[in-house]
Amino acid sequence: ADIYLPYFGEVHTPVAPPGGDGGIIFKGKVESYKVDFNEKKQKIIIKFSGKAKNEFFDFTLTVFKSGGSNLNVNSNFRNRISYDGQIKGLKKE
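Before going into details, it helps to say that this report is about the structure given with it. Just so it is clear, the model here is predicted, and its values are computed rather than measured.

Secondary structure summary: the chain contains zero helices and seven strands in total. Overall, the C-alpha framework of the chain stretches about 45 × 35 × 25 Å when taken along its three principal axes. Residues counted as buried form 32% of the 93 residues belonging to the chain. For the chain, the share of sequence-separated contacts (at least 6 apart) that also reach a separation of at least 24 residues comes to 31%. Within the structure as shown, the chain displays about 6,800 Å² of accessible surface, and the carbon and sulfur contribution to it stands at 54%.

Written out as structure tokens, the structure is:
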């Protein structure tokens, strides 16, 4: 995976996490990948983790039937942060 997310929150370490600009940067192998479908609530939950230098991340992406989505990111250096968005299909060329 290749992930860059802006980060506006608190960092819990005396030195800035790797990345330099304060954003959440992860480029590497995804671990503990799991997908669940909640039939009753009509949503898909995708969980995975990864390591970037000395920082560990846990990602939880929830995709709703409407296309709305929510991404929660936990880190060993930072407070949890959440992102909301909309998922759309790719346009055929």
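Moving on, we get to the nonpolar core. It is characteristic of soluble globular proteins that their nonpolar side chains tend to be buried jointly. Judged by nonpolar contacts, the single largest core of 14 residues is most densely connected at Leu-5, Ile-24, Phe-57, Phe-59, Val-73 and Tyr-83. The element that contributes the greatest number of residues to this core is strand S4 (residues 43–52), accounting for three residues.

Let's shift gears to the pattern of salt bridges. A side chain with one charge may pair with a side chain of the opposite charge, provided their charged atoms come close. If you walk through the whole model with that rule in mind, you get three salt bridges. The partner of Lys-34 in a salt bridge is Asp-36, with the nearest N and O atoms 3.8 Å apart. Arg-78 is the partner of Glu-55 in a salt bridge, and the nearest nitrogen-oxygen pair spans 2.6 Å. Placement of Glu-55 in strand S5 (residues 55–64) and of Arg-78 in the loop between strand S6 (68–75) and strand S7 (81–86) is noted, with a sequence separation of 23 residues between them. The class of Arg-78 is buried, set by a relative accessible area of 6%.

Reading the values: the criteria
- Residues numbered from 1 in each chain as written.
- Predicted model: local features only at pLDDT ≥ 70, side-chain atom pairs only at ≥ 80, totals over all residues.
- Heavy atoms only, no water.
- Helix = DSSP H or I, 4+ residues; strand = E, 2+ residues; numbered from the N terminus.
- Buried < 20%, exposed > 50% of the residue type's maximum accessible area, 1.4 Å probe, protein only.
- Contact = heavy atoms within 4.5 Å.
- Areas by Shrake-Rupley, 256 points an atom, 1.4 Å probe, with all protein chains shown as cover.
- Core = buried A, V, L, I, M, F, W, Y, C linked by side-chain atoms within 4.5 Å.
- Salt bridge = Lys/Arg side-chain N within 4 Å of Asp/Glu carboxyl O.

Such coordinate-based values are descriptive only and should not be taken to indicate function.
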